[in-house]
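# Residue-level structural notes
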Amino acid sequence: MKKTIRLDKMLGNLGYGTRSGIKALVRQGAIAVNGARAKDPGMQIDPEADEVVLDGEKIVYRDTVYVLLNKPAGYVSATEDRRDRVVLELLDEEVNVLSPFPVGRLDKDTEGLLLLTNDGKLSHELLSPRKHVPKTYQALVEGAAGENDVALFQEGVTLDDGYRTLPALLRIVSVGQAGTLPDHPEAGKAAERMKKVSALRGPELQAAIDAGSPLSWIELTIQEGKYHQVKRMFEAVGKKVLYLRRVAMGPLPLDESLEVGEWRELTEEEVTALREYRKESEGQ
Ligand code: URA
């Protein structure tokens, strides 16, 4: 089936102006389609076959966008908010014009992998509770995580509202001596981030250290995405998450070359992997 789009809509979607602005560009003769001056802003364009040139620049059309953001603490996973900064403020206008939205939520104080897209179907599939797309988190936790917790998480723990979680995979990376950070570079980085990003979290970490609490650096993979799930799972076993970052969602790992607050668009391979992954999990 041939997929065409009006010229003014195509350019509008890409952020080149309003319908009337594009009409004016057509009138000025600034737009050429397949080498001929465009005369009608409503003409139908096949973005895959037709060549559109605006002021000498070839326009590459796309209507979907997939962004991998290394989310910093302090931003909410929303498209707008009356009080807080939102993750879209971290992206560029050329991407925001395509109206991406976050695929699921990370808490305001959680960092790490956040996928943003305008592909509602893929987002829906990735978030569907029936699909159990795994999400992996790393966390600095107050309390000494042990094999007992691994077993409890494997069985599923009961949250404060009575919900019993699906089995989750807990990996204890490092447990520090009482009152010291776990001896792992990532735990050190997490502590630095806590001090840097929040007037509240820095003192909270210091209080845990001063109280002589053991601190653990862990990795946890969960198959669902209940509200504050990781924090509440640790609460259920008497521990407190001090710092949390997401490092993977399904087949997509966090790109460690992205500094906190940086983003990039997904490669075609990564988008395909997300789609294929969805299909694989449908078969389960
Ligand atoms: N679990 C949480 O508690 N918070 C998040 O942001 C994500 C998972």
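Residues numbered from 1 in each chain as written. Predicted model: local features only at pLDDT ≥ 70, side-chain atom pairs only at ≥ 80, totals over all residues. Heavy atoms only, no water.

### Details of the site of the ligand
Neighbouring residues of the ligand: Leu106, Asp107, Thr110, Tyr137, His228, Gln229, Val230, Lys231 and Leu244. One of the backbone N or O atoms of aspartate 107 is found 2.7 Å from an oxygen atom in the ligand. Side-chain polar atom of threonine 110 to an oxygen atom of the ligand: 2.8 Å apart, as the coordinates give it. Protein burial of the ligand: of its 240 Å² of free accessible surface, 96% is covered by the chains. Top element by residues in the shell around the ligand is helix H8 (residues 229-236). It accounts for three residues. Within the shell around the ligand, the residues separate by chemical class into four nonpolar, three polar and two charged. (Near = heavy atom within 4 Å. Polar contact = N/O pair within 3.5 Å; in protein donor to acceptor, adjacent residues only side chain to side chain. Areas by Shrake-Rupley, 256 points an atom, 1.4 Å probe, with all protein chains shown as cover. Helix = DSSP H or I, 4+ residues; strand = E, 2+ residues; numbered from the N terminus. Nonpolar A, V, L, I, M, F, W, Y, C, P; charged D, E, K, R; others polar.)

### Considerations on the environment of arginine 201
Within the secondary structure layout, arginine 201 lies in helix H7 (residues 201-210). Under the relative-accessibility criterion, arginine 201 is labelled buried at 12%. Residues arginine 201 and aspartate 109, 92 residues apart in the sequence, show an inter-C-alpha distance of 9.0 Å. With residues up to four places along the chain from it excluded, the contact list for arginine 201 reads Asp109, Met194, Val241, Leu242 and Tyr243. Within polar-contact distance, the side chain of arginine 201 engages the backbone oxygen of leucine 242 at 2.6 Å. (Buried < 20%, exposed > 50% of the residue type's maximum accessible area, 1.4 Å probe, protein only. Contact = heavy atoms within 4.5 Å.)

### Topic: the pairing of strand E14 (residues 215-222)
For E14, a buried count of six out of eight residues is recorded, marking the element as mostly surrounded by other parts of the structure. The pairing of strand E12 (residues 135-142) with E14 spans eight bridges and is antiparallel. From the neighbouring strand, tyrosine 137 faces E14, where its bridge partner is leucine 220. Note: strand E13 (residues 169-175) against E14, six bridges, orientation antiparallel. Across the sheet, valine 175 pairs through a bridge with serine 216, a residue of E14. (Pairing = 2+ DSSP bridges.)

### As for the nonpolar core
Within the largest apolar cluster, 36 residues are counted, with the highest numbers of intra-cluster contacts made by Leu116, Phe153, Ile218, Leu220, Val230, Met233 and Phe234. Only strand E7 (66-71), strand E8 (75-76), strand E11 (111-117), E12, helix H5 (147-155), E14, H8 and strand E15 (240-249) provide two or more residues apiece to this core. Discounting residues that sit within four places of it in the chain, isoleucine 218 has contacts with Tyr137, Gln138, Ala139, Val141, Ala145, Leu170, Arg171, Ile172, Val173 and Phe234. Counting 17 residues, the second largest nonpolar core, distinct from the first, contains Ile5, Ile22, Leu25 and Ile59. (Core = buried A, V, L, I, M, F, W, Y, C linked by side-chain atoms within 4.5 Å.)

### A closer look at the domain arrangement of the protein chain
Often, the extent of an interface is quoted as the loss of accessible area on bringing the components together. By domain assignment, the protein chain separates into domain 1 (5-59) and domain 2 (67-263). The C-alpha-based centres of domain 1 and domain 2 are spaced at 43 Å. (Domains from an automatic or database assignment.)

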